[in-house]
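Descriptive analysis of the structure
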Amino acid sequence: MAMKKYYTYTVKKLITVQQLVTIEYLQVEKDFFYPEESHDFYEFVCVEKGSIICKTENEEVFLQKKDFFLIPPNLSHSYCVKDTDATTVITVVCFKSKSNTISIIDGIKHLDEDTVELVKKILKEAAETFVFPFDKKLTLNTHPRLGSQQLIENYIEELLIKLVQLTTYNNQSFRIATNSFDVKKSITNEIIKMLKSNIYGKITLADICNRMFYSKTFLNSVFKETKGITIMQYYQALKIDEAKLLLNKKESITSVSEKLCFESPQYFSKVFKAKVGETPTKYRKNT
């Protein structure tokens, strides 16, 4: 009888945590304030009890019990507690990852029982692995449990994957991002097409996200990787290139500003000079 032939299957890793940075379990009172900071790694906060406000350079979010909020690398943020006499209990986890798919998790996510349990597992395993209470630098216990560090990373990965699944569940228009260059190029080209069709109009990053069913963080990450600048920076550059063509036709500054939907002629002139190196008036005279 011939031996059965076996074939291998390579499992695709959706999310991988490369390094742990810190894990903090904090009990804070009214008027607590954590000053603004930014860093080159991911951070997420989960509220176990009470409420807390997270301010970023883009928005201010109010987090309550079982809420989860992800902060991408290099985004300035701070925390504060206001208008409550109850103790607020939060878990803050910081980690490094090169997985772009994490960026799909956008905005506040309300955790279900499964994901709450994963946060508890992260804390339980961390408490038996590192010196507690945790500080900015994780320090191993004298005798950490065998495999405990890997379990912490596994639980973080599982939590993030479940949140990605919850975000994309039942959304037929959503396409999970892969590391394929073709996928990123396709997404970038679709964005550029939208921007070019709105040179004489207005389109926001939120509009693009709604049409493509991706988060702001993810789209900017993919776009910057392929083009080297953010979506809105590229959009602004397209408008300035068009402005040059209009100025070459000797159109007025006010007319160009209105046609390209800038807030005002003054703002248009400011953006133009920053991009071109001279004012629209001087540019028009020199052409």
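Figured I'd write up the structure that's included with this text. This is a predicted model, so every value here is computed, not measured.

1. As for the overall build of the chain
In terms of regular secondary structure, the chain is built from 9 helices and 9 strands. Relative to its length of 287 residues, the chain is extended, with a C-alpha radius of gyration of 24 Å against a globular reference of 19 Å. Seen through its C-alpha atoms, the chain measures out along the principal axes to roughly 75 × 75 × 35 Å. Counting across all 287 residues of the chain, residues that qualify as buried make up 43%. Partitioning the contacts of the chain with sequence separation of at least 6, the portion at a separation of at least 24 is 70%. When the accessible surface of the chain is split by element, carbon and sulfur atoms take 50% of a total near 16700 Å². Both charge centroids of the chain, one from 41 positive and one from 35 negative side chains, sit 9 Å from each other.

2. A look at the pattern of salt bridges
In the structure shown here, the tally under the stated rule is 8 salt bridges. When the shortest N-O distance is used, the salt bridge between Glu 125 and Arg 145 registers 2.8 Å. Of this pair, Glu 125 sits in helix 1 (residues 113-127) while Arg 145 sits in the loop between helix 1 and helix 2 (148-168), and the two are 20 residues apart along the sequence. Assessed through its relative accessible area of 5%, Glu 125 is described here as buried. Two residues, Glu 251 and Lys 259, come together in a salt bridge whose shortest N-O distance is 2.9 Å. In the salt-bridge network here, residues are joined through shared partners; they are Lys 124, Glu 125, Glu 128 and Arg 145.

3. Description of the pairing of strand 4 (residues 51-56)
Along a regular strand, successive side chains alternate from one face of the sheet to the other. Most of strand 4 is tucked away, with 5 of its 6 residues classed as buried. Sheet topology places strand 4 next to strand 5 (residues 60-64); 5 bridges connect them, and they run antiparallel. Opposite Ser 51, over in strand 5, you have Gln 64 as the bridge partner. Between strand 4 and strand 5, which pair antiparallel and follow one another directly, the connecting turn spans 3 residues. Pairing between strand 4 and strand 7 (residues 77-80): 4 bridges, direction antiparallel. When the bridges of strand 7 are listed, Lys 55 appears paired with Ser 78.

4. Thoughts on helix 4 (residues 205-212)
By the burial criterion, the buried members of helix 4 are Leu 205, Ile 208, Cys 209 and Met 212. Looking straight down helix 4, one finds that the buried residues subtend no more than 100° of arc, so they occupy a single side. In helix 4, the exposed positions angled more than 90 degrees off the buried face are occupied by Asn 210 and Arg 211.

5. A short note on the sheet that holds strand 8 (residues 88-96)
Pairing within the open sheet is antiparallel, and its 5 strands lie in the order 1-8-3-6-9. A strand with exactly one partner marks an edge of an open sheet, and here the two such strands are strand 1 (19-28) and strand 9 (108-110). Averaged over all neighbouring strand pairs, the angle between strand axes comes to 20°, with direction disregarded. Inspection of the sheet shows strand 3 (residues 42-49) paired to strand 6 (residues 67-71) by 4 bridges, in the antiparallel sense. Bridge pairing in strand 6 links Cys 46 to Phe 68.

6. A word on the packing of aromatic side chains
Within the structure shown, the criterion is met by 9 aromatic pairs. Ring centres of Tyr 34 and Tyr 79 lie 6.4 Å apart, and the angle between their planes is 70°; this geometry places the pair in the edge-to-face category. Residue Tyr 34 is located in strand 2 (residues 33-37), and its partner Tyr 79 is located in strand 7; the two are separated by 45 residues in the primary sequence. As far as burial versus exposure is concerned, Tyr 34 and Tyr 79 are alike and both buried.

7. Points about a negative patch on the surface
A cluster of acidic residues, Asp 112, Asp 114, Glu 117 and Glu 158, forms a negative patch at the surface. In this fold, Asp 112 is placed in the loop between strand 9 and helix 1. Judged by relative accessible area, which is 31%, Asp 112 ranks as partly exposed.

8. Concerning the side chain of Thr 129
With respect to the element layout, Thr 129 can be found in the loop between helix 1 and helix 2. Here Thr 129 falls in the buried class, since its relative accessible area comes to 0%.

9. Here's the deal with the sheet that holds strand 7
The strand order 2-7-4-5 describes an open sheet built from 4 strands, whose pairing is antiparallel. With one partner strand each, in any of the chains shown, strand 2 and strand 5 form the two edges of the open sheet. Here the strands of the sheet are splayed against their neighbours by 15° on average, with no regard to which way each runs.

10. Notes on the state of the cysteines
In total, this model carries 0 disulfides according to the counting rule given. Residue Cys 94 stays outside any disulfide, its sulfur separated by 11 Å from that of Cys 54, the closest cysteine.

11. Brief notes about the nonpolar core
In this structure, Phe 44, Phe 68 and Leu 219 are the most contacted members of the largest nonpolar core, which totals 61 residues. For this core, the element with the most residues is helix 6 (residues 231-248), which contributes 8 residues. Setting aside chain neighbours within four positions, we find Phe 68 in contact with Phe 44, Val 45, Cys 46, Ile 105, Gly 107, Ile 108, Lys 109, Leu 111, Leu 159, Leu 160 and Leu 163. Grouped together as the second largest cluster of nonpolar side chains are 18 residues, Val 61, Phe 69, Tyr 79 and Val 92 included.

How each quantity is defined
- Residues numbered from 1 in each chain as written.
- Predicted model: local features only at pLDDT ≥ 70, side-chain atom pairs only at ≥ 80, totals over all residues.
- Heavy atoms only, no water.
- Helix = DSSP H or I, 4+ residues; strand = E, 2+ residues; numbered from the N terminus.
- Rg over C-alpha atoms; globule rule 2.2 N^0.38 Å.
- Buried < 20%, exposed > 50% of the residue type's maximum accessible area, 1.4 Å probe, protein only.
- Contact = heavy atoms within 4.5 Å.
- Areas by Shrake-Rupley, 256 points an atom, 1.4 Å probe, with all protein chains shown as cover.
- Lys, Arg positive; Asp, Glu negative; His and termini not counted.
- Charge placed at Lys NZ, Arg CZ, Asp CG, Glu CD.
- Salt bridge = Lys/Arg side-chain N within 4 Å of Asp/Glu carboxyl O.
- Pairing = 2+ DSSP bridges.
- Arc of directions from axis to C-beta.
- Axes fitted to C-alpha atoms, helices over the stretch in contact; angles between N-to-C directions.
- Phe/Tyr/Trp six-rings, centres within 6.5 Å; stacked < 30°, edge-to-face > 60°.
- Patch = residues over 30% accessible without salt bridge, like charges linked within 9 Å, V, L, I, M, F, W, Y side chains within 5 Å.
- Disulfide = S-S within 2.5 Å.
- Core = buried A, V, L, I, M, F, W, Y, C linked by side-chain atoms within 4.5 Å.

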